[in-house]
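Here is how the chains run, residue by residue.
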Amino acid sequence: MSDISLTGSMRSNLLSLQNTQSLMDATQERLSTGKSINSALDNPSSYYTSKSLTNRAGDLNTLLDSMGQGISTIKAANEGIESITEFVQQAKAIANQARDEANTVATSTGNYNPAEVTDATTFTLTLTYNGETQSVEVTSPANQADGDAMSAAIQNELEGVTFGNPATALGGNNFELSFDNGVFGLTSANGEELKISFSVGGANMNATAGSDTRVSSVERFNNILDQIDQLAKDSGYKGVNLLGGTDQSLTVIFNEDRSSNLVIQGVDASTKGLNISRATDWGSNTNIDASITQVEDAIDELRDMASEFGNNYSVVQTREDFTDSLIAVLEEGSDKLTLADMNEESANMLSLQTRQQLAINSLSLSSQGSQSVLALFG
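Rules used in this analysis
Residues numbered from 1 in each chain as written. Predicted model: local features only at pLDDT ≥ 70, side-chain atom pairs only at ≥ 80, totals over all residues. Heavy atoms only, no water. Helix = DSSP H or I, 4+ residues; strand = E, 2+ residues; numbered from the N terminus. Buried < 20%, exposed > 50% of the residue type's maximum accessible area, 1.4 Å probe, protein only. Contact = heavy atoms within 4.5 Å. Areas by Shrake-Rupley, 256 points an atom, 1.4 Å probe, with all protein chains shown as cover. Core = buried A, V, L, I, M, F, W, Y, C linked by side-chain atoms within 4.5 Å. 1 Å grid on protein atoms, 1.4 Å probe; cavity = no way out; pocket = protein on both sides within 12 Å on 5 of 7 lines; lining within 4 Å. Points joined across faces, edges and corners; volume = space filled by probe spheres on them. Nonpolar A, V, L, I, M, F, W, Y, C, P; charged D, E, K, R; others polar. Axes fitted to C-alpha atoms, helices over the stretch in contact; angles between N-to-C directions. Parallel < 35°, antiparallel > 145°, perpendicular 65-115°, else oblique. Left-handed = near helix turned anticlockwise from the far one by under 90°. Pairing = 2+ DSSP bridges. Salt bridge = Lys/Arg side-chain N within 4 Å of Asp/Glu carboxyl O.

## Here's the deal with the overall build of the protein
On a plain count of helices and strands, the protein comes out with seven helices and eleven strands. Among the 378 residues that make up the protein, the fraction classed as buried is 38%. Nonlocal contacts in the protein, meaning residues at least 24 apart in sequence, comprise 68% of its contacts between residues at least 6 apart. Counting only carbon and sulfur atoms, one obtains 47% of the accessible surface of the protein, whose full area is about 20700 Å².

## A look at unusual backbone geometry
Positioned with a positive phi, K238 is a non-glycine residue whose angle comes to about 55°. Residue class for K238 comes out exposed when judged on its relative accessible area of 67%. Its identity as a non-glycine residue notwithstanding, N275 has a phi of 60°, on the positive side. Relative to the helices and strands, N275 resides in the loop between strand 11 (261-265) and helix 5 (285-338). For N275, a relative accessible area of 54% gives the class exposed.

## A few points about the nonpolar core
I84, V88, F221, W282 and F309 are the most contacted members of the largest nonpolar core, which totals 49 residues. At the level of secondary structure, the elements contributing two or more residues to this core comprise helix 2 (44-100), helix 4 (212-233), strand 10 (249-253), strand 11 and helix 5. Per-element accounting of this core gives the leading share, 15 residues, to helix 2. Those residues within four positions of F221 in sequence are excluded, and the remaining contacts are A91, I94, I276, S277, A279, W282, S291 and V295. Counting residues in hydrophobic clusters, the runner-up holds six residues, among them V136, A153, I154 and L158.

## Let's talk about the layout of surface pockets
Remark: the empty space left among the atoms is shown by a probe the size of a water molecule rolled over them. Put simply, the second largest pocket is a space of about 200 Å³. Along its surface, the second largest pocket is lined by K35, I37, N38, Y47, S50, K51, T54, E331, S334, D335 and T338. Elements represented by at least two residues in the lining of the second largest pocket include exactly helix 2 and helix 5. For the lining of the second largest pocket, a count of residues per class yields two nonpolar, five polar and four charged.

## So, the packing of helix 2 against helix 5
Where helix 2 meets helix 5, the axes come as close as 7 Å, and the angle between the chain directions of the two elements is 165°. With respect to helix 5, the element helix 2 is oriented roughly antiparallel. Note on packing geometry: the crossing formed by helix 2 with helix 5 is left-handed. For the contact of helix 2 with helix 5, the class distribution of residues is 29 nonpolar, 17 polar and eleven charged.

## Points about the pairing of strand 11
In strand 11, alternate side chains face the same way, and those of L262 and I264 are buried while those of N261, V263 and Q265 on the opposite face are not. Across five bridges, strand 10 lies against strand 11 in antiparallel orientation. Paired with I253 across the strands is N261, a residue of strand 11.

## Considerations on the environment of E308
Assignment of secondary structure puts E308 in helix 5. A relative accessible area of 48% places E308 in the partly exposed class.

## Focus: the environment of R355
Tracing the backbone shows R355 in helix 6 (residues 342-366). R355 sits 334 residues away from Q21 along the chain, and the two C-alpha atoms are 9.5 Å apart.

## A closer look at the environment of G273
With respect to the element layout, G273 can be found in the loop between strand 11 and helix 5. Distance in space between the C-alpha atoms of G273 and D229 is 9.7 Å, their sequence separation being 44 residues.

## Description of the pattern of salt bridges
On inspection of all chains with the given rule, the structure shows five salt bridges. The partner of R99 in a salt bridge is D289, with the nearest N and O atoms 2.8 Å apart. In this pair, R99 sits in helix 2 while D289 sits in helix 5, placing the two residues 190 residues apart along the sequence.

## Some remarks on the side chain of S260
Mapped onto the secondary structure, S260 falls in the loop between strand 10 and strand 11. With residues near it in sequence (within four places) discarded, S260 still touches V252, I253, F254, N255 and R319.

The structure is reproduced here in structure tokens:
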């Protein structure tokens, strides 16, 4: 194109037209992207600063998902604690019901054959209490038909008998043995679940003293404990169970370089962790009271757990809200550096279009001098 000669006015108008087109292209890009700075060539400082803010906002936005999952994990644990608390309260109600059950005075009687127990002879008395069996030898009185004497002889031998660990003595005030007209009677007035059988002279006796409600309450109490253990195992979320023991934990990251975080330590919400023992013998009020004390302590422990998880939930929720707001601030700061004023750019485009049209007209006028030469050949 260097071989083509243009007049000075035409070249000047051409350069003006080219410059206008370049400005129109830049304005068109701003209008289409909505940004005044689209590359480092436009403004390196503003471009890279905006890019840094945008990248951080993106990193924090990813952490928001992690925080949301952390909140869900805490919620799962909290739901588990609330349900376990209801079970523990139910177990306490069962224990209280058994404790309030009247200490039934039960009497079991059985006949024996005096002909098979001679005067002043020794016979064996076999007793079974909670699966443990002991035998004692009783010497009948000189007149074995004397009920008071016979009862006293047996009572004397039973005074030293103890069962179980801790020891439960059958003597003292635990029971009374009566004998009248060949009939033995065993009574209990302290709530002990005495299940004693013995035979005298070929006649068998089975004696039970205490409340049957207490026996059934033990089974119901232990069934509730089983449900507590199962529920504690089922309170996990995405592989993390904060009620599964102290070896479980959850770390929630709050910033992009992981320097800000919260470690939530797991707890053992099973009956073992809550120190609730399975009931075995609620015959005595002492044993029931011990179970009640355990469930009351467990309720206090569960409330402490709920309080701790509630505090952790509040922390993560607050950090989530803060991060969400911070992302908005970062994006706003980035936009301030790069966003275009659409009104201004629209006005610029209109102005440039007008300038372009004027430049074209000016170029046309500049070419008229050359065109007049063609008239000489007309």
